[in-house]
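Each chain, letter by letter, is given below.
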Amino acid sequence: MSDTLQVKNSTLRLMKADITDIEIESFVYYAQHDLALGSGFGTAISMRGGPTVQQELKALGTLETTEAVVTAAGDMKATYIIHAVGPRFQEEDLEEKLRKTIKNALQKAEDRKIKAIAFPAMGAGFYGVPLDVSARITIKTIASYLNGETGIRDVVICLNDMREYRPFQSELASSGNA
């Protein structure tokens, strides 16, 4: 099973790693509405990025579900963080909101002329989006976006472990055969 999908001039690939500690131009953080860096990856961003990330977020206020903003990544290996507020488990129109959140994150990257972006398992984990739903919506939405006119050349879906990796690998394989 391949871990890479070529879409026009761009590559969509899977990686097992800590998204806050990889060498990439930007990564997406599944943010809270108030943009506070909470637990999990939020703690890692606070620790690795330093206080400037949260200071920049405080100046931005709050976001509605599906909205995204870009900040600098502070002292991390990435240059930018795209903070995207996605839906929570059992929220109405979850799949459509997740699709829109991913598109908005990609558009924010495009607006900044970002060429490389990493996504987590969008909404899986703390926010309760089932892994199979996250895998299907994330991969289909990104592949569809890359099929259009875009300057984004490298999209990585960065997964924590094999439990997260398997459904994404399966979805990527079926997308490559479509």
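Residues numbered from 1 in each chain as written. Predicted model: local features only at pLDDT ≥ 70, side-chain atom pairs only at ≥ 80, totals over all residues. Heavy atoms only, no water.

## Focus on the environment of Q107
Next up, step 1: Looking at the element boundaries, Q107 is found in helix α3 (residues 94-111).
Next up, step 2: Residue Q107 is classed as partly exposed on the basis of its relative accessible area, which comes to 36%. (Helix = DSSP H or I, 4+ residues; strand = E, 2+ residues; numbered from the N terminus. Buried < 20%, exposed > 50% of the residue type's maximum accessible area, 1.4 Å probe, protein only.)

## Section: the packing of aromatic side chains
Next up, step 1: All chains considered together, the criterion is met by two aromatic pairs.
Next up, step 2: For the pair F126 and Y127, a centre-to-centre distance of 5.0 Å together with 85 degrees between the ring planes defines the contact as edge-to-face.
Next up, step 3: Judged by relative accessible area, which is 72%, F126 ranks as exposed.
Next up, step 4: Note on Y127: relative accessible area 13%, which makes it buried.
Next up, step 5: Chaining the aromatic ring pairs together yields one cluster made of Y30, F126 and Y127.
Next up, step 6: Across from the ring centre of Y127, 3.9 Å away, lies the NZ or CZ of R88, which sits over that ring. (Phe/Tyr/Trp six-rings, centres within 6.5 Å; stacked < 30°, edge-to-face > 60°. Lys NZ or Arg CZ within 6 Å of the ring centre and 35° of its normal.)

## Re the packing of α3 against helix α4 (residues 131-146)
Next up, step 1: Between α3 and α4, whose axes approach to 10 Å, the crossing angle comes to 40 degrees. Relative to α4, the element α3 is oriented oblique. Crossing of α3 against α4: the hand is right-handed. Of α4, the residues touching α3 (which contributes L94, E95, L98, R99, I102, K103, L106, Q107 and E110) are V133, S134, R136, I137, T138, T141, I142 and Y145.
Next up, step 2: Broken down by class, the residue content of the contact of α3 with α4 amounts to eight nonpolar, four polar and five charged. (Axes fitted to C-alpha atoms, helices over the stretch in contact; angles between N-to-C directions. Parallel < 35°, antiparallel > 145°, perpendicular 65-115°, else oblique. Left-handed = near helix turned anticlockwise from the far one by under 90°. Contact = heavy atoms within 4.5 Å. Nonpolar A, V, L, I, M, F, W, Y, C, P; charged D, E, K, R; others polar.)

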